Structures are given as C-alpha cells and as structure tokens.
Amino acid sequence: MTERVCLVHFHETYAGLRVLDLSENIAGPLACLILADMGADVVKIERPVHGDATRSLPPYWAGEATVFHTVNRNKRSAAIDLKSGAGRDAVLRLAASADVVVESFRPGVASRLGLGFEEMTNANPALVHVSVNAFGTGPLGHDRPGYDALVQAFTGIMEMTGEPDGGPVRAAPSVIDISTGLWAALAVQGALVRREKSGEAQKIEATLIDTGLFMMCHQIIGYLGTGTFPGRLGSAAPSAAPYQIFSTSDRPIMIATSTDRMFTTLCRTLGPVELATDARFVTMDRRLANRDELAALLQEILVTKGSGEWLDIISAAGIPVGPVNDLAETLAHPLTLERNMIAPADEGRIADLLQIHLPMDGERSASRRQAPALGEHTETVLAEVGFTPDEVAAVIQASARTKGPEVA
C-alpha cells in the first residue's frame, strides 16, 4: 500500500485566519509577522500621524525604517486613534471578526481604553487574546517600563556577558524581544488548538522577563544546584575548554572542543601532543580549572600561522572551528547564499528592498509583501467589517490625534 502524504505549504498554514495586531516595537509585531508569513491576514492598528514607534528608528532604507520593515511585512495598516470613541468602537468591531488579537500596551492601559480582555471577548467570545508586556501584570511588575536591554540587565544576562576584565555588556541582537515574539507565536498556535476543542476565548500573556529568565535556564539550574554561576568569560564557555576565540597571525578564529577526545585530537593537530596528557589538562574539569594557562599555551602556537591555514588544518582533523566574521562577510559567504534566507521583497515603495525568511520556512515560500504605509488600508479594512462610507469618514476624522497610548 502506497503511503500518501498531504502537503500543506508553509504560507498556506493559516489561510483564512484573521489577526489584529495592536502591538508595537519588535516582540508583538514579530509574533504577528510569523502568523502573516504562514498565511494569516494580519491587520496592524497604528496610531495616526506617527504610527508604530519603530517607524522612526534608524537606520533607514530609502527613507524608511529598516526595523519596521523587518517585522511588519505581509500586513495591512489601519490608522485609528484608540483614545477616541469612534476609534475604540472600530477596533471592537474589527476584533469581532478576528481570530487573534495581539497587544503590547502597558498593563492596565488597554482596559482604560475600553479595549481590554473583557471588552474584546464580549465582542468576540471565541477570541485568542495575547498581551505582550515587559514584567507581567503582578503588583511588582505592572508599572515597570521595559525594553530588551532592561530585561537583559535585570535577568543577569548582561552580568555574564563581556570580557573577564571588563564590565557587563548588552548582547547586540534584540534577543529578548525576538525570543518573546517566538514564544508568543507558539502560544497562539497552542491556543488555537485549545479553542478548536472548547470554543472558548483564550487568554495569553507573553512577557520579556519570562523570556529572559528562560534564556538563562541552564545557568539558573546550575546556580540553584551549586550556589555558583559563571563570571564573564568573553568568548569562552563555562562548561568546556578550550572553547573560545583565539588570535592567529592575521585574524581570530573560534575553536570549540567539548570532549576529552576532541582535545586530544586538537593537541595532536596543533603539535603539542604532550598537552593531552598534562595533569593540568587531562580532563575537562582540570582544563576548566586551568583555562587561562591552557589558552595561553595554545595561543602561542596559533599565532604562528594565518587564519585560513589554521581553519583548513583544524577542520580537516574533525575539530569544530570557524571564522569570526563581520556582518558583511557573513552575508557574502557561500554558505549564507546557499541557505537562501535573504530574498528581494515583493514590488512596493522601495525598489530594491530585501527581506529575510523565517528560519522555519524551509520552502522559502512565504510572500514578502513590503510593510504597509501608515494607514494604507484603513478604509478597506473598515469596509470589510461593514462600515459605511460615513462611518469610515467618522473614524478617520476622529483619528487626528498625534499621541497614542503607552506600550510595553
């Protein structure tokens, strides 16, 4: 009997799903982008005049913010003043036709606007409602403003990042925001399954602090079990050595040995075979205890040849090793090109705009519609849920304010 497999293309996964994106910055919009790339119709509600806060953040591509374009493709934009009665009522009518609402107001703001969970689910009893915020809605967290860097600092990520003789350092990527967006999207997928079974509204909270704590998961458990935690190690790892960047005669390389066997092979490859049986380095525990001494001995050898030569020699021996690239080198590397992660955006306002696929889009099949202009789809979106031309005009007229509500 021939096995039959039903293939659902990535970009068709959520065809017919309607998502209302009331979020700003990166975490919430990224969660909605994931759903949009998977086929959902995502309507982004933005404050009039200025729109999402990331629209003004440099750097710019053809005069438009690259951060905004990165996390808001494949969406439609409606400019609505949420502080006006007409605007609030418009959003509730839109929520009534939606499957998912994602918001990133500071705790309490949505309710004061008349757009909290209760109001939303009164309009739509089967709604999946997602609140993205920084420190949660409890008594200690709800009033704390939060951004990626603040959460990195609070959760100990910064304290463990940097050189041993330097101060705490922020991780360059927006690791907290991006990871929170991923968790939020995953939570939505689970909530949709639960709703299918129960038919009831689903309430989700995705917080930056929970994300930051989970990113430290094995360090936290290690501390709870031992009472100690790693200090700043630069490029080195707390549980393996040698596992760090080394200088060569021209530029650094990264060597990553994680077993005694790898270390023996590395010693045989580099030349000092006796290091493999040296009492100071014979086991991983001893290598970690004498990390600096071992690194200094290996560094004396590695600086005698160029990076290209060492990469060939060490790689041929089966030892994990790689170059330390800057971003330009990464993007030009044949391996990056092979992965086909970056591709031209669909035709739009910016003639040569490029976009990056989601890592889970193996087919690279999702559309890459450019992020919408502010309010580009206001009239269309409202008309789709039954607004008359006069009602549309009333919403637009009420949306002449310049200051929107607070967000996380």
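### Focus on the overall build of the protein chain
- Of regular secondary structure, the protein chain possesses 17 helices and 13 strands.
- Taken along its principal axes, the extent of the C-alpha atoms in the protein chain is 85 × 55 × 45 Å.
- Here the protein chain holds 408 residues, and 46% of them are scored as buried.
- Within the protein chain, residue pairs in contact and separated by at least 24 positions form 69% of the contacts whose partners lie at least 6 positions apart.
- Looking at the protein chain, you have 35 positive and 49 negative side-chain charges, and the mean spots of the two groups are 2 Å apart.

### A few points about the nonpolar core
- Counting residues in each nonpolar core, the largest one holds 40 residues, and the members touching the most others are Val-19, Val-100 and Val-130.
- Those elements that provide at least two residues to this core are helix H1 (27-37), strand E6 (100-103), strand E7 (128-133), helix H7 (175-198), strand E8 (202-207) and helix H8 (208-215).
- A total of eight residues in this core trace back to one element, the largest contributor, which is H1.
- Leaving out residues up to four positions away in the same chain, Val-100 has contacts with Leu-17, Arg-18, Val-19, Leu-20, Leu-127, Val-128, Val-130, Val-188 and Leu-192.
- Leu-20, Val-43, Ala-78 and Met-120 belong to the second largest nonpolar core, which has 27 residues in total.

### Some remarks on the packing of aromatic side chains
- Within the structure shown, the criterion is met by three aromatic pairs.
- Pairing Trp-183 with Phe-214 gives two aromatic rings, centres 5.5 Å apart and planes at 85°, and the pair type is edge-to-face. Of this pair, Trp-183 sits in helix H7 while Phe-214 sits in helix H8; the two residues are 31 residues apart in sequence, bridging distant segments of the chain.
- Assessed through its relative accessible area of 41%, Trp-183 is described here as partly exposed.
- In this structure, Arg-93 is placed above the aromatic ring of Phe-387, and the distance from its NZ or CZ to the ring centre is 3.8 Å.

### Things to note about the sheet that holds strand E5 (residues 75-79)
- The strand order across the open sheet formed by six strands is E5-E2-E1-E6-E7-E8, and the pairing between neighbours is parallel. A single partner strand is all that each edge strand has here, and the edge strands are E5 and E8. Adjacent strand axes in the sheet meet at a mean angle of 20°, parallel and antiparallel pairs treated alike.
- Strand direction decides the pairing type here: E7 and E8, joined by six bridges, are parallel. By the bridge assignment for E8, Val-132 is matched with Ala-206.
- Its contacts with the sheet put H1 on strand E1 (18-22), strand E2 (41-46), E5, E6 and E7, and the angle it makes with E1 is roughly 165°.
- Its contacts with the sheet put H8 on E7 and E8, and the angle it makes with E8 is roughly 60°.

### Here we look at the sheet that holds strand E10 (residues 253-256)
- The antiparallel open sheet is built from three strands, whose spatial order is E9-E10-E11. Strands at the two margins of the open sheet, each flanked by one partner only, are strand E9 (243-246) and strand E11 (321-323). Shown here is a sheet whose adjacent strand axes are inclined to one another by a mean of 20°, direction ignored.
- Where E9 and E10 come together, four bridges link them in antiparallel fashion. Opposite Tyr-243, over in E10, you have Ala-256 as the bridge partner.
- Across the sheet, helix H12 (residues 291-302) touches E9 and E10, and the angle it forms with E9 is around 40°.

### Considering the pattern of salt bridges
- Evaluated as defined, the whole model comprises 21 salt bridges.
- For Asp-21, the salt bridge is made with Lys-75, and the minimal N-O distance between the two is 2.9 Å. Pair noted here: Asp-21 is in strand E1 and Lys-75 is in strand E5, with a separation of 54 residues, a long-range link. Accessibility classification places Asp-21 together with Lys-75 in one group, the buried group.
- A salt bridge links Arg-88 to Asp-89; its shortest N-O distance comes to 3.7 Å.
- Taking relative accessible area as the criterion, Arg-88 reaches 28% and is therefore assigned partly exposed.

### With respect to the layout of surface pockets
- For the largest pocket, the calculated volume is near 1,400 Å³.
- If you go around the largest pocket, you meet 35 residues; those closest to its centre are Thr-70, Val-71, Ile-178, Ile-356 and His-357.
- For the lining of the largest pocket, the secondary structure elements donating two or more residues are H1, helix H2 (66-71), H7, helix H14 (327-332) and strand E13 (354-356).
- Along the lines of polarity and charge, the residues of the lining of the largest pocket split into 25 nonpolar, nine polar and one charged.
- Of the pockets and cavities examined, the second largest pocket occupies roughly 410 Å³.
- What lines the second largest pocket is a set of 17 residues, among which Met-160, Thr-161, Gly-162, Gly-234 and Ala-236 lie closest to the centre.

### Section: the side chain of Asp-81
- Mapped onto the fold, Asp-81 is located in the loop between E5 and helix H3 (85-96).
- According to the relative accessible area criterion, Asp-81 is buried, its value standing at 3%.
- For Asp-81, the side chain forms a polar contact with the main-chain nitrogen of Lys-83, separated by 3.0 Å.

### Thoughts on the packing of H1 against H7
- Following both chains from N to C, one finds H1 and H7 inclined at 45°, their axes separated by 7 Å at the closest point. Regarding the angle of H1 to H7, the classification is oblique. In this structure, H1 meets H7 at a crossing whose hand is right-handed. Touching Ala-27, Leu-30, Ala-31, Ile-34 and Leu-35 of H1 are Asp-177, Ile-178, Thr-180, Gly-181, Leu-182, Ala-184, Ala-185 and Val-188, all from H7.
- Taken together, the residues of the contact of H1 with H7 sort by class into ten nonpolar, two polar and one charged.

Basis of the calculations
- The written sequence of each chain sets the order in which its residues are numbered from 1.
- Predicted model: local features are reported for residues with pLDDT of at least 70 only, side-chain atom pairs are reported and counted for 80 or more only, and whole-chain, interface and lining totals are derived from all residues.
- No hydrogens and no water enter the side-chain calculation; it runs on all heavy atoms of the structure.
- By the criteria applied, helices consist of DSSP H or I runs no shorter than four residues and strands consist of E runs no shorter than two, each listed in order from the N terminus.
- A simple rule labels every residue: compare its accessible area, found with a 1.4 Å probe on the protein chains alone, to the largest value its type can have, and call it buried under 20%, exposed over 50%, or partly exposed in between.
- Here, two residues are considered to be in contact whenever any of their heavy atoms come within 4.5 Å of each other.
- Positive residues here are Lys and Arg, negative ones are Asp and Glu, while His and the chain termini are left out of the count.
- Throughout, a charge is located at the NZ atom of Lys, the CZ atom of Arg, the CG atom of Asp or the CD atom of Glu.
- The term nonpolar core refers to a set of buried residues drawn from Ala, Val, Leu, Ile, Met, Phe, Trp, Tyr and Cys, joined through side-chain atoms within 4.5 Å.
- Stacked, tilted and edge-to-face are the three classes applied to pairs of Phe, Tyr and Trp rings, where Trp contributes its six-membered ring and a pair requires centres within 6.5 Å; stacked means planes under 30 degrees apart, edge-to-face means over 60, and tilted covers the rest.
- We call a charge positioned above a ring when the Lys NZ or Arg CZ atom is no farther than 6 Å from the ring centre and deviates by at most 35 degrees from the ring normal.
- Whether two strands pair depends on DSSP finding at least two bridges between them.
- Inter-axis angles, ranging from 0 to 180 degrees, are taken between N-to-C directions of lines fitted to C-alpha atoms, where helices are fitted over the stretch in contact.
- Here, a salt bridge means any side-chain nitrogen of Lys or Arg that lies within 4 Å of a carboxyl oxygen of Asp or Glu.
- Using protein atoms alone on a 1 Å grid, points that fit a 1.4 Å probe yet trap it form a cavity, whereas open point sets bounded by protein on both sides within 12 Å along at least five of seven lines form a pocket; residues with an atom within 4 Å of a point count as lining.
- Grid points are joined across faces, edges and corners, and a volume is the space filled by probe spheres set on the points.
- All amino acids are sorted into three groups, where Ala, Val, Leu, Ile, Met, Phe, Trp, Tyr, Cys and Pro are nonpolar, Asp, Glu, Lys and Arg are charged, and the leftover types, Gly among them, are polar.
- Nitrogen and oxygen atoms within 3.5 Å of one another constitute a polar contact, given that in protein one can donate a hydrogen and the other can accept it, and given that sequence-neighbouring residues count only through two side-chain atoms.
- Any angle from 65 to 115 degrees is called roughly perpendicular, while one under 35 is roughly parallel, one over 145 is roughly antiparallel, and all others are oblique.
- Two helices cross in a left-handed way if the nearer one is turned anticlockwise from the farther one by less than a right angle. They cross in a right-handed way if the turn is clockwise.

The values are spatial; any link to function lies outside them.
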